[in-house]
Amino acid sequence: MNFELRKRNVLLIGMMSLASVLLAEDTASYYATRMIEYMPAPGQFMSEEWAQPNVDYAIGEEGVGVSLGGFGGYIVFGFDRPIVNHPQNPYGVDFLVKGNSFTGGTYGVWTEPGAVQVMQDKNRNGIPDDGEWYELAGSDYYLSTTQHNVTMTYYNPKYDSRYTVPWIMDNGHEGGLITNQFHEHSFYPADAGFPCNYDSLTVTGNMIMGCINLSNPSYIENHRPQLFGYADNRGFVNMDIDNVVNPYEYKKHVQDGFDLNWAVDKHGKHVQLDTVDFVRIYTAINQDGGWLGELSSEILGVGIVKPKEDYVPRDYYNNYIGVNRLKAVVGEPIQYEGLLFKNGIPVNEGTPHWWISTDSVGTIDQTGLFTPTKEGDAMVYFQQCDTVPADSCML
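Residues numbered from 1 in each chain as written. Predicted model: local features only at pLDDT ≥ 70, side-chain atom pairs only at ≥ 80, totals over all residues. Heavy atoms only, no water.

### Topic: the confidence of the model for the protein
The predicted model of the protein has a mean per-residue pLDDT of 88, with 88% of residues at 70 or higher. Counted against residues more than four places away or in other chains, residues 1–24, with its pLDDT under 50, gives two contacts. (pLDDT = per-residue confidence, 0-100. Contact = heavy atoms within 4.5 Å.)

The structure is reproduced here in structure tokens:
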């Protein structure tokens, strides 16, 4: 073969290879295509449709729903394309996570919040084995009630039927994951065939407090959901990646959207990520929901957001109250926490201001310390940025 013919063939092969790459990029899915790992914590759905080993859960646009069990249970997803931190992704949202939270009464949502982490595939082998998991810090990550880098160990009670699963945290705090009458099988993952230690299972993560209203056993709900940054949280199961909803709006029907700019390392220091390749979601709360069972994040899919050519980036501010008590009791002061977020990151702009709807039930100072003096209903308000609405919650 002469030189010119060989050169033309090499050029043709190169063009064909480039076309193949471009075609692959054009047809690559915008949804999770691989469930890389699934390790639930103990929970009510073990051995049932929501939690079985060797099932590809939450893949594609209409994925099969999966339960992560109690605190620390997790799932890891891979994709055919990277998730890009693009400046023209609407509201800064780079991907969405679909859960099964639902609207309720007082504040509108039954939420089982899952924390979301991301990792880069630095060695390009398609496995999350060479980087650090960075957490996309949600609104409650910054509250003093959140316990960071918690290690919890569950112990198999070794009963064939349902039985409370004991656990102990690395700070010595002990308790148990309580079962309910709707699920008579064992709640321990190994008994359902998951490849964990038969005797004990150790999990880690950042544990938020949440606030579940158990005052009416027949109708259990959240006092209110977390503002942003958690999966299975806002009561909207829509995962329309072409029509993203502002994640900072505190109302019903808001998608659980995530911005790579929220990423922090294990020390809580922000890191800059241009792209990531893996998403890990774990149950971020350790609470019992009465007859509804343990709070366990349920995940139905992950979708990558597409940038909009006509989107103009802007700043979004939120005043936010961290609620750590369901109801005030006369003689027992409550210390509320107030945070101001700018695009999901805490800032020190402005001056914090607290007030209540009526002084007939108590007083509140400018640190957020509420002192109840009389029984009754009232609202507490916090505002640090006066150009956006104050946040409020029921006392």
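Having seen the model, we can carry on.
### Quick look at the layout of surface pockets
By rolling a water-sized probe across the atoms, one finds the places where empty space is left. Looking at the second largest pocket, its volume works out to about 260 Å³. Lining the second largest pocket are 14 residues, and of these I208, M209, G210, N286 and Q287 lie nearest its centre. (1 Å grid on protein atoms, 1.4 Å probe; cavity = no way out; pocket = protein on both sides within 12 Å on 5 of 7 lines; lining within 4 Å. Points joined across faces, edges and corners; volume = space filled by probe spheres on them.)

### Section: the environment of T371
By the element assignment, T371 lies in strand β23 (residues 369–372). As a C-alpha pair, T371 and I334 span 37 residues in sequence and 6.6 Å in three-dimensional space. In contact with T371, other than residues within four places in its own chain, are P333, V361, G362 and T363. (Helix = DSSP H or I, 4+ residues; strand = E, 2+ residues; numbered from the N terminus.)

### Describing the sheet that holds strand β4 (residues 95–99)
The four strands are arranged β2-β16-β4-β13 in an open sheet whose pairing can be described as antiparallel. Across the chains shown, the open sheet's two edge strands, defined by having one partner strand only, are β2 (66–67) and β13 (256–258). Here three bridges tie β4 to β13, and the two strands are oriented antiparallel to one another. Note that in β13 the partner of F95 across the bridge is F258. (Pairing = 2+ DSSP bridges.)

### Regarding the nonpolar core
Counting 74 residues, the largest nonpolar core has F95 and I281 as the members making the most contacts within it. Top contributing element to this core by residue count: strand β3 (residues 74–84), with six residues. Ranked by size, the runner-up nonpolar core spans 15 residues in total, among them I321, V361, C393 and L395. (Core = buried A, V, L, I, M, F, W, Y, C linked by side-chain atoms within 4.5 Å. Buried < 20%, exposed > 50% of the residue type's maximum accessible area, 1.4 Å probe, protein only.)

### Remarks on the sheet that holds strand β24 (residues 379–383)
Pairing is antiparallel in the open sheet, where three strands are placed in the order β21-β24-β25. Single-partner strands in this sheet number two, and they are β21 (353–356) and β25 (391–394). Averaged over all pairs of adjacent strands, the angle between strand axes in this sheet comes to 20°, irrespective of strand direction. In the sheet, β21 pairs with β24 via four bridges, with the strands oriented antiparallel. The residue of β24 that forms the bridge with W355 is Y381. (Axes fitted to C-alpha atoms, helices over the stretch in contact; angles between N-to-C directions.)

### Let's talk about the pairing of strand β16 (residues 298–304)
Taking burial as the measure, the seven residues of β16 include seven buried ones, the bulk of the element. Note: β4 against β16, five bridges, orientation antiparallel. By the bridge assignment, V97 is partnered in β16 with V302.

### Some words on the pattern of salt bridges
Taken as a whole and judged by the stated rule, the model has six salt bridges. With a shortest N-O distance of 3.2 Å, D277 and R124 are connected by a salt bridge. Within this pair, whereas D277 is found in strand β15 (residues 275–283), its partner R124 is found in the loop between β5 (114–119) and β6 (134–136), the two being separated by 153 residues in sequence. Taking the relative accessible area as the measure of exposure, R124 reaches 57% and is therefore exposed. Across the pair D242 and K306 runs a salt bridge whose closest N-O atoms are separated by 3.5 Å. Here K306 lies in the loop between β16 and β17 (317–322) and D242 lies in the loop between β12 (221–222) and β13, a separation of 64 residues in the sequence. (Salt bridge = Lys/Arg side-chain N within 4 Å of Asp/Glu carboxyl O.)

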